[in-house]
Amino acid sequence: MTTAVQVNAAIDEGALVKGFLNGDEASLEAVHRRWGPVVYSHARRSTGDAREAEDITQLVFFAAWRGRAGFAPECGTLPGWLLGITRRKIADALAARTRRTELVDAAAAQLLLTVTDEAVRPEALLDRVLLADELSRLPKHQREVLNLAFYDDLTQTQIAELTGWPLGTVKSHARRGMHRLASRLRPDAGRERAA
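As a starting point, this report considers the structure included with it. (Residues numbered from 1 in each chain as written. Predicted model: local features only at pLDDT ≥ 70, side-chain atom pairs only at ≥ 80, totals over all residues. Heavy atoms only, no water.)

1. Here we look at the environment of proline 73
So, point 1. With respect to the helices, strands and loops of the structure, proline 73 is situated in the loop between helix 4 (50-66) and helix 5 (78-116).
So, point 2. Those residues in contact with proline 73 that lie beyond four places of it in its chain are Val17 and Leu21. (Helix = DSSP H or I, 4+ residues; strand = E, 2+ residues; numbered from the N terminus. Contact = heavy atoms within 4.5 Å.)

Here is the structure:
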């Protein structure tokens, strides 16, 4: 009886590379089985986060599959090429983590400034947080239109000019977004969501 390890060892790297470059999905699967653990462990060591390492591993193999025409076997090995992609994906993930941290810090600083303003009631601050959360749950275009209207104080005509969308489309997104917000922010909406 042969095991998966024996089967993997029996498939030589040259055949895998050839199949991979020719778009053979079975070769992609074999490449992933063979070098996925190496990619994952490198990402895990660099990020310190198992979930992020899993995401990076998926991104690496997706990028490798889509960009397989860019792999030149005469310039290096497939595992070396995969680790090069891995390093770039790790750098992207760490940069995104830094941006998220900076955004959270900026939001916290803004919140602190708002809270220290004696004119702001705690209820108003809670309302702002709830509204921001509900806005984040809207579909992308509705969220974009309402953010531009609420926070940038733009008219629908200005939003249409800025986005390049027809005025009617901007009005539709605004109307649908407001309707969703209104239905979710009703006093009894929390009970409905919890049910």
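2. Description of unusual backbone geometry
So, point 1. Backbone geometry places aspartate 153, a non-glycine residue, at a positive phi of 55°.
So, point 2. Mapped onto the fold, aspartate 153 is located in the loop between helix 7 (140-150) and helix 8 (156-163).

3. A few points about the pattern of salt bridges
So, point 1. According to the stated counting rule, one finds two salt bridges in the structure shown.
So, point 2. Residues arginine 33 and glutamate 29 are paired through a salt bridge, measuring 3.1 Å at the closest nitrogen-oxygen approach. On the criterion of helical spacing, the pair formed by arginine 33 and glutamate 29 is a turn pair, its members being four residues apart in helix 3 (residues 25-47).
So, point 3. As a salt-bridge pair, glutamate 52 and arginine 97 come within 2.4 Å of each other at their nearest N and O atoms. On the criterion of sequence distance, the pair formed by glutamate 52 in helix 4 and arginine 97 in helix 5 is long-range, its members being 45 residues apart. (Salt bridge = Lys/Arg side-chain N within 4 Å of Asp/Glu carboxyl O.)

4. A word on the packing of aromatic side chains
So, point 1. Taken as a whole and assessed by the stated rule, the structure comprises three aromatic pairs.
So, point 2. Judged by centre distance (5.7 Å) and plane angle (65°), the ring pair of phenylalanine 20 and tryptophan 65 falls under edge-to-face. Here the residue phenylalanine 20 occupies a position in helix 2 (residues 13-21), and tryptophan 65 occupies one in helix 4, the gap between them amounting to 45 residues. Just as phenylalanine 20 is buried, tryptophan 65 falls in that class too.
So, point 3. With a centroid separation of 5.1 Å and an interplanar angle of 45°, the aromatic rings of phenylalanine 71 and tryptophan 81 are classed as tilted. In this pair, phenylalanine 71 is assigned in the loop between helix 4 and helix 5 and tryptophan 81 in helix 5, connecting sequence segments 10 residues apart.
So, point 4. Among the residues examined, phenylalanine 71 registers a relative accessible area of 7% and is labelled buried.
So, point 5. One aromatic cluster is present, built from ring pairs that chain together Phe20, Trp65, Phe71 and Trp81. (Phe/Tyr/Trp six-rings, centres within 6.5 Å; stacked < 30°, edge-to-face > 60°. Buried < 20%, exposed > 50% of the residue type's maximum accessible area, 1.4 Å probe, protein only.)

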